[in-house]
Amino acid sequence: MNIPNHIAIILDGNGRWAKKKNLPRAMGHKAGCEALEKTVENCARLGVKYLTVYGFSTENWKRSKEEVSALMQLFRFYMKRLLKIASENNVRVKMIGDKSKFDKDIIEGVDKLVETTKNNTGLTFVFAINYGARDEITRAVRDLLNDYKSGKVSDIENVDESFFEKYLDTYPDPDPDLLIRTSGELRISNYLLWQIAYSEIYVTDVLWPDFDMAELENAITAYNKRERRFGGR
Ligand code: FPP
């Protein structure tokens with residue numbers, strides 16, 4: 001089986017999973033964190049090189065105060081577990097998104113996770129937190145304009161796709177080959193808009209907390225049946 005180099009995931013369905021089981025939404029998110037831990041391990045085991053997961057979007061702040069605070073508590077707890085999992089599985093952790101909006105202890109935890117794992121050579125796990133693709137592109141344009149103002153960038157004609165990409169959060173990592181979305185919705189939800197230009201999309205009805213190794217393999221099998229096209233012939 002041809003293992004995709006880079007898998008991106010929009011995890012969805014934690015709330016519905018909890019509702020189905022008559023549990024509070026926070027329990028759905030807890031189960032979602034456990035599924036995420038397993039997915040990191042499973043991708044590392046399969047030899048996937050990059051896994052980029054949408055953990056918290058710029059829109060997620062609009063959820064109820066209770067839900068946001070439950071998510072932050074889970075984030076604090078699972079970040080510590082992730083440190084252990086990353087060390088055991090040779091996983092390098094990176095973050096994309098604007099982490100400045102989080103509490104100080106969370107920012108410190110994120111920095112520690114990234115710093116401690118930076119020399120690991122297996123899977124690169126990219127966690128998108130307070131991430132939105134439009135926000136990422138807007139920040140990139142702002143940084144580019146500042147570089148123009150300061151003279152660091154002088155020739156506007158040099159600003160082509162590969163030049164612009166350097167300003168994105170994901171630089172220098174490769175684009176996703178496969179984008180997986182759980183729980184059936186056919187939306188991109190402001191995720192990696194630039195980077196998924198040619199990614200294969202796989203949507204499953206499975207709710208995120210139920211996404212396991214068998215489901216990951218189903219997605220990879222479907223990917224293997226695709227004939228990839230990049231616009232040319
Ligand atoms: C998706 O389900 C859940 C999220 C987008 C946020 C929660 C993310 C995690 C638990 C992963 C770990 C990340 C952190 C920051 C702890 P949903 O709530 O949208 O489900 P629904 O559509 O069924 O209501």
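These numbers were taken from a predicted model, which means no experiment stands behind them. (Residues numbered from 1 in each chain as written. Predicted model: local features only at pLDDT ≥ 70, side-chain atom pairs only at ≥ 80, totals over all residues. Heavy atoms only, no water.)

S.K.: What am I meant to see in empty space enclosed by the protein here?
M.R.: If a probe the size of a water molecule is rolled over the atoms, the empty space left behind becomes visible. Applying the stated criterion across every chain yields a total of one cavity of 30 Å³ or more. Space inside the largest cavity adds up to approximately 30 Å³. In this structure, the largest cavity is lined by His 6, Thr 170, Asp 173, Pro 174, Asp 175, Pro 176, Leu 192 and Gln 195. Across the lining of the largest cavity, the residue classes break down as three nonpolar, three polar and two charged. (1 Å grid on protein atoms, 1.4 Å probe; cavity = no way out; pocket = protein on both sides within 12 Å on 5 of 7 lines; lining within 4 Å. Points joined across faces, edges and corners; volume = space filled by probe spheres on them. Nonpolar A, V, L, I, M, F, W, Y, C, P; charged D, E, K, R; others polar.)

S.K.: Hey, could you run me through the pairing of strand 3 (residues 92-96) in this one?
M.R.: Regular strands show a simple pattern: their side chains alternate between the two faces of the sheet. The element strand 3 is largely enclosed, with a buried count of four among its five residues. Where strand 3 meets strand 4 (residues 124-131), five bridges bridge the pair, whose relative direction is parallel. Residue pairing in the sheet places Met 95 in a bridge with Phe 127 of strand 4. With respect to chirality, the unit in which strand 3 leads through helix 4 (residues 104-117) into the neighbouring parallel strand 4 is left-handed. (Buried < 20%, exposed > 50% of the residue type's maximum accessible area, 1.4 Å probe, protein only. Helix = DSSP H or I, 4+ residues; strand = E, 2+ residues; numbered from the N terminus. Pairing = 2+ DSSP bridges. Right-handed = clockwise from strand over helix to strand, strands pointing away.)

S.K.: Looking at this model, I keep getting lost on the nonpolar core. Mind explaining?
M.R.: Where a protein is soluble and globular, its nonpolar side chains tend to be buried together. Ile 7, Leu 51, Phe 125 and Ile 180 are the most contacted members of the largest nonpolar core, which has 39 residues in total. The element that contributes the greatest number of residues to this core is helix 3 (residues 65-88), accounting for eight residues. Apart from the residues lying within four places of it in its own chain, the contact partners of Leu 51 are His 6, Ile 7, Ile 9, Thr 39, Val 40, Cys 43, Leu 123, Thr 124, Phe 125 and Val 126. Of all hydrophobic cores here, the second largest spans 12 residues; its members include Ile 10, Tyr 54, Ala 133 and Tyr 191. (Core = buried A, V, L, I, M, F, W, Y, C linked by side-chain atoms within 4.5 Å. Contact = heavy atoms within 4.5 Å.)

S.K.: Help me out: how do you make sense of the environment of Arg 16 in this one?
M.R.: Tracing the backbone through its elements, the reader meets Arg 16 in helix 1 (residues 14-20). Between the alpha carbons of Arg 16 and Trp 208 there is a distance of 9.4 Å; along the sequence they are 192 residues apart. Residue contacts for Arg 16: discarding those within four places in its chain leaves Ser 183, Glu 185 and Leu 207.

S.K.: Whenever I open this one, the site of the ligand confuses me. Can you help?
M.R.: Not every one of the 15 residues close to the ligand is listed here, only the nearest: Asp 12, Gly 15, Arg 16, Arg 25 and Arg 63. At 3.3 Å, a backbone N or O of Gly 13 approaches an oxygen atom of the ligand. Surface burial for the ligand is 91%, taken as the share of its 610 Å² of free accessible area covered by protein chains. Judged by the proximity of its atoms to the pocket grid, the ligand belongs to the largest pocket. (Near = heavy atom within 4 Å. Polar contact = N/O pair within 3.5 Å; in protein donor to acceptor, adjacent residues only side chain to side chain. Areas by Shrake-Rupley, 256 points an atom, 1.4 Å probe, with all protein chains shown as cover. Sits in = over half its atoms within 2 Å of the grid points.)

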